[in-house]
Amino acid sequence: MLRIMRKLAVNALKSPSLCSEPFKRVYFQKTKMRVLSVTQHNCSLRNYSSPPGDVKSLRSVINPHLSRIRNIGIMAHIDAGKTTTTERMLYYSGYIRTLGDVDDGDTVTDFMVQERERGITIQSAAVTFDWKDYRINLIDTPGHVDFTVEVERCLRVLDGAVAVFDASAGVEAQTLTVWRQADKHQIPRICFLNKMDKNRASFTYAVESIKQKLKTKPLLLQLPIGEAKTFRGLVDVVTKEQIVWKPTSDLDDGKNFEQKLLLEADDPNLFQEVQDARNTLIEQVADLDDQFAELVLGEYSENFDLIPADKLWSAIRRVTLAQKAVPVLCGSALKNKGVQPLLDAITMYLPAPNERSYEFLQWYKDDLCALAFKVLHDKCRGPLVFVRVYSGSLKPQSAVYNINKSCTERISRLLLPFADQQIEIPSLMPGNIALTVGLKQSATGDTIVSSKASAVAAARRAGRDAGREKWSTSDVESLLLAGVEIPDPVFFCTIEPPSMARQQDLDNALSCLQREDPSLKVKLDPDTGQTILCGMGELHIEIIHDRIRREYGIETYLGPLQVAYRETILNAAQATDTLDKTVGDKRHLVTAELEVRPRLGERATTKPIIEYAASVTEALPKELQGAVENGITNSCIQGPLLGFPVQDIDVTVQSLMVHPDTSHTMVSACLSRCMQKALKKGGIQILEPLMKLEITVSEDHLSAALADLAQRRGSIQEIQSRQDNRVVVAAVPLAEMMGYSTVLRSLTSGSATFTLELASYQALNSQEQSALLQRRMGLV
Ligand code: GDP
């Protein structure tokens, strides 16, 4: 019954017109009550585990003390159990009353229909809940490689992360990618070895693979009791307490467990193992933390057993925050074991927002500084923008200034995100994450401050610190929080509305989707006028297609999926071009001479490096330089052979003559034309995306998978053993990978999994290139 009520509440929020009047009223009354309660009470934190409907619990819902906030991400390889683990966290924290199951498609965080159908997490959903005295803002990030931009976007607003592993598989391909991204953002982490109940689960194997592949120092804070079918609990290495889950009734939801000190008499072998693990842990931590080393070598050098747990906890926290080591915990989310200790570890070892240093904050003093990190489109309320506040406070019904877009906007409401349910709040303080309603222009990566004057004041402070009297554009740039690097799409296809009358609706849907997802690119084919959709993978494009149908009600047609090739040149070449046009009474006259050269060394950059001959530098007015570089750069967006981006070239402007009346547009046009000529002379080479493919397959199906790879121009780089499975690492051209998931599934009876990631671009040989040209010209 409760589950049905919850679903009704969700639907009521999503489409108020569909819900029954009485129910809607009840919901909105509740929201009002909540807002009243939070405005009347100061924050008082206490331990509670009641659902959000309880008004008392809402005292702590708004803006807890900074030290009590944890902004956490969950990252992992697809299928490692992120969604199941998140669901269990929400359950134990009292936010939901029944356990969802990804296999039934009713979890809270996977709320997009496509996610529920496919059992994967695509859009990261932010969820706020409280555990004991702490506020946890948790972002569930996608594990599929097509959505790495989503992961990157989330990592920027997180202070810490939990890496979830399948204990039978250890470190898998996508975990490595996300781990590297977390390294880049210097995010402290803890590891959770999930699926300890699974056949072939191995704690030792998983720990070893963390050590080898992630090149990090694991701190074993728990040891499992039993493995695979016999897994029933764990021992806390710091306190030497054993926690054993004991099903007491049909409802084995993991809330009942026995926690007591492990005695030698209970299990002598396990006791000895724990004793050894504790000593190793103490030595490891002492090696990494001087403060703890002093303690160990001083007072407790004779007997490590006497070291108090709280001293060890604090030292583990310090080394985790300094990213010198990573605490490792274990459990089975599906079997409801180990998630509560994981929640405790999040609060104990991961940093509060004020324990992370953000350089830009010094310019803002106590003024508002917030980052928009995700946009969702809601049919009734317009764009909903997720923001994290770094300093100052955000209030509903207030104007804010977007530095990136140079515009003032109004926030009408502030909402705390409980997956697809939201609760209205009266203010948002530093360190916290919330959803805003009303921001129409702000997009992912934008910096939001209270007013233009506040941005100018901050820029002034930045300028003064840099020793400048006046602030400059570079000072404003230093105020912007770092943007997300968006990789270039590798696939594209045409998209057509059902009739010309719906083109406008389609354009609108695509621009909304682009604001939500910056890795989706949309452009117009200049020759055919068709709309082109460019994405990160087959699944990415498929999901966009599906969303346009479901969310915007437009039945679109996709053209065949095509690979986004690149172009480059084989040789250095020179070209000269003159543009002479009279428009009205003005004569526009430009003559340019350029040299292009293939760039050696650095690869795969589509921005040309532009140099000027000394004679040009002397005569070129500053204001013309922009027009010259625009012309050159624009001609690299569409190469001369097939219209793909041109990469890895250097350009020298050897001479330039511009008549005084000539407009900047004409200068750009002349340089573009001259570039096209030079590129053609240089001999165009087509490059294709080469993918790193990793297949995990059982021994029985290995030869079938390898035989298939050979037919796809794949080159096998390595075959590793992972428990009973084999992991094939290969390089395969993307053009050969269309529909691979279906083929692999049928070859291996659905037992194999794979990941595909862009590795580099490689040159097509001359036969392949001419075959491609013929195909593109419609001759084959
Ligand atoms: P995600 O892709 O990382 O979000 O993973 P999910 O939470 O969707 O889980 C993937 C699959 O693994 C589902 O079939 C889950 O039921 C299963 N699963 C998750 N946790 C466990 C676990 O602890 N033990 C076992 N045996 N299966 C699990």
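Counting of residues starts from 1 at the beginning of each chain's written sequence and follows it residue by residue. The predicted origin of the model limits local features to residues at a pLDDT of at least 70 and limits the giving and counting of side-chain atom pairs to 80 or more, whereas totals for whole chains, interfaces and linings rest on all residues. Hydrogens and water are ignored here; the side-chain numbers use all heavy atoms of the structure.

What follows deals with helix α20 (residues 699-710). By definition, any uninterrupted DSSP run of H or I lasting at least four residues is a helix, any uninterrupted run of E lasting at least two residues is a strand, and each is numbered from the N terminus. Each helix should span, by expectation, one fewer than its residue count multiplied by 1.5 Å. Helix length check: α20, at 12 residues, gives a terminal C-alpha distance of 18 Å against a target of 16 Å (1.5 Å per residue), a fit within 8%. For the exposure calls, accessible area comes from a 1.4 Å probe over protein chains only, and a residue counts as buried if that area is under 20% of its type's maximum, exposed if over 50%, partly exposed in between. Looking at α20, one finds that the buried residues are His701, Leu702, Ala705, Asp708 and Leu709. What you see down the axis of α20 is that its buried residues fit within an arc of 140°, all on one side. Opposite the packed face of α20, turned more than 90 degrees from it, sit the exposed residues Asp700, Ser703 and Ala710. Any pair of residues with heavy atoms lying within 4.5 Å of one another is described as a contacting pair. For α20, the secondary structure elements touched by its buried residues are β30 (684-698), β31 (715-722), β32 (725-733) and α21 (740-747). Here, the arc refers to the directions that run from the helix axis to the C-beta atoms.

Below, the discussion takes up the pairing of strand β12 (residues 369-378). Among the 10 residues that make up β12, nine are buried, leaving the element largely enclosed by the rest of the structure. At least two bridges found by DSSP between two strands is the condition for calling them paired. As judged from the nine bridges shared by β12 and strand β13 (residues 382-391), these two strands associate in the antiparallel manner. Across the sheet, alanine 372 pairs through a bridge with valine 387, a residue of β13. Hairpin geometry of β12 and β13 is characterised by an intervening segment of three residues between the two adjacent antiparallel strands. Bridge count between β12 and strand β19 (residues 447-449): three bridges; the pairing is antiparallel. Considered in β19, the bridge of cysteine 369 is made with valine 449.

A few words now on the layout of surface pockets. Taken as a whole, the second largest pocket holds about 890 Å³ of empty space. Around the second largest pocket, the lining is made up of 33 residues, and of these Lys523, Ile637, Gln638, Gly643 and Pro645 lie nearest the centre. Sorting the residues of the lining of the second largest pocket by element identifies β20 (491-496), β21 (521-524), β22 (531-535) and α18 (622-637) as the ones contributing at least two each. Charged residues are taken to be Asp, Glu, Lys and Arg, nonpolar residues to be Ala, Val, Leu, Ile, Met, Phe, Trp, Tyr, Cys and Pro, and polar residues to be all remaining types, Gly included. For the lining of the second largest pocket, the class distribution of residues is 17 nonpolar, eight polar and eight charged. Residues are called lining when one of their atoms sits within 4 Å of a cavity or pocket point, these points coming from a 1 Å grid over the protein atoms alone, where a cavity is a set in which a 1.4 Å probe fits but cannot get out and a pocket is an open set with protein on both sides within 12 Å along at least five of seven lines. Grid points are joined across faces, edges and corners, and a volume is the space filled by probe spheres set on the points.

Below, the discussion takes up the packing of helix α15 (residues 503-516) against helix α16 (residues 538-552). Note on geometry: axes are lines fitted to C-alpha atoms, helical ones only across the stretch in contact, with angles between N-to-C directions running from 0 to 180 degrees. Contact pair α15 / α16: the axes reach a minimum separation of 11 Å and the direction vectors enclose 120°. Handedness of the crossing formed by α15 with α16: right-handed. Within the contact between the two elements, α15 uses Leu506, Ala509, Leu510, Cys512, Leu513 and Glu516 and α16 uses Ile544, Arg547, Ile548 and Tyr552. Split by residue class, the contact of α15 with α16 holds eight nonpolar, no polar and two charged. Handedness of a crossing follows from how the near helix is turned relative to the far one, being left-handed for an anticlockwise turn of less than a right angle and right-handed for a clockwise one.

The subject of this paragraph is unusual backbone geometry. At glutamine 397, a position not held by glycine, the phi torsion is positive, near 55°. Topologically, glutamine 397 is positioned in the loop between β13 and β14 (398-402). Here the phi dihedral of serine 406 falls at roughly 50°; this positive angle occurs in a residue that is not glycine. Within the secondary structure, serine 406 sits in the loop between β14 and β15 (407-411).

One open sheet accounts for four strands, arranged β7-β8-β9-β10; its pairing is antiparallel. Across the chains shown, the open sheet's two edge strands, defined by having one partner strand only, are β7 (222-225) and β10 (257-261). Within the sheet, the average angular offset between the axes of one strand and its neighbour, ignoring direction, is 20°. Sheet topology places strand β8 (residues 233-236) next to strand β9 (residues 241-245); four bridges connect them, and they run antiparallel. Across the sheet, residue valine 235 finds its bridge partner in β9, namely glutamine 242.

Before going further, it helps to examine the confidence of the model for the chain. Values of pLDDT, ranging from 0 to 100, describe the predictor's confidence in every residue of the model. Of all residues in the chain, 82% attain a pLDDT of 70 or more, and the chain-wide mean is 81. Note on residues 1-60: pLDDT under 50 across the span, and 83 contacts to partners over four residues away in sequence or across chains.

Right, let's get into the packing of helix α10 (residues 309-321) against helix α11 (residues 339-349). Close contact between α10 and α11 brings their axes to 9 Å; oriented N to C, the two are set at 75°. When the interaxial angle is binned, α10 and α11 end up roughly perpendicular. Residues Trp313, Ile316, Arg317, Thr320 and Leu321 of α10 pack against Thr347, Met348 and Tyr349 of α11. Oblique is the label for every angle not falling under 35 degrees (roughly parallel), over 145 degrees (roughly antiparallel), or within 65 to 115 degrees (roughly perpendicular).

Let us now look at the side chain of serine 332. When you line up the elements, serine 332 lands in the loop between β11 (326-330) and α11. Polar contacts, as used here, are pairs of N or O atoms within 3.5 Å; protein pairs need one atom able to donate a hydrogen and one able to accept it. Residues neighboring in sequence count only if both atoms are side-chain atoms. There is a polar contact of 3.1 Å between the side chain of serine 332 and the backbone nitrogen of lysine 335. For serine 332, the contacting residues outside a window of four places in its chain are Phe192, Asn194, Lys195, Met196, Asp197, Phe231 and Lys337.

Bringing the packing of aromatic side chains into the picture now. The aromatic pairing rule takes the rings of Phe, Tyr and Trp, using the six-membered ring of Trp, and pairs them if the centres are within 6.5 Å, calling planes under 30 degrees apart stacked, those over 60 edge-to-face and the rest tilted. This model, assessed by the stated rule, comprises six aromatic pairs. With a centroid separation of 5.0 Å and an interplanar angle of 80°, the aromatic rings of tyrosine 740 and phenylalanine 754 are classed as edge-to-face. Of this pair, tyrosine 740 sits in helix α21 while phenylalanine 754 sits in strand β33 (residues 753-763), and the two are 14 residues apart along the sequence. Put simply, the rings of Phe492, Tyr565 and Phe644 touch in pairs and so form one group of aromatic residues.

Residues grouped as a nonpolar core are buried Ala, Val, Leu, Ile, Met, Phe, Trp, Tyr and Cys residues, joined through side-chain atoms within 4.5 Å. Ranked by size, the top nonpolar core spans 110 residues in total, and within it Leu193 and Phe292 carry the most contacts. Counting residues per element, this core draws most heavily on helix α8 (residues 268-288), at nine residues. Other than its neighbours up to four places away in sequence, leucine 193 contacts Phe165, Ala167, Phe203, Ala206, Val207, Ile210, Val328, Leu329, Cys330 and Gly331. With 44 residues, the next largest nonpolar core counts Phe491, Tyr565, Leu687 and Tyr740 among its residues.

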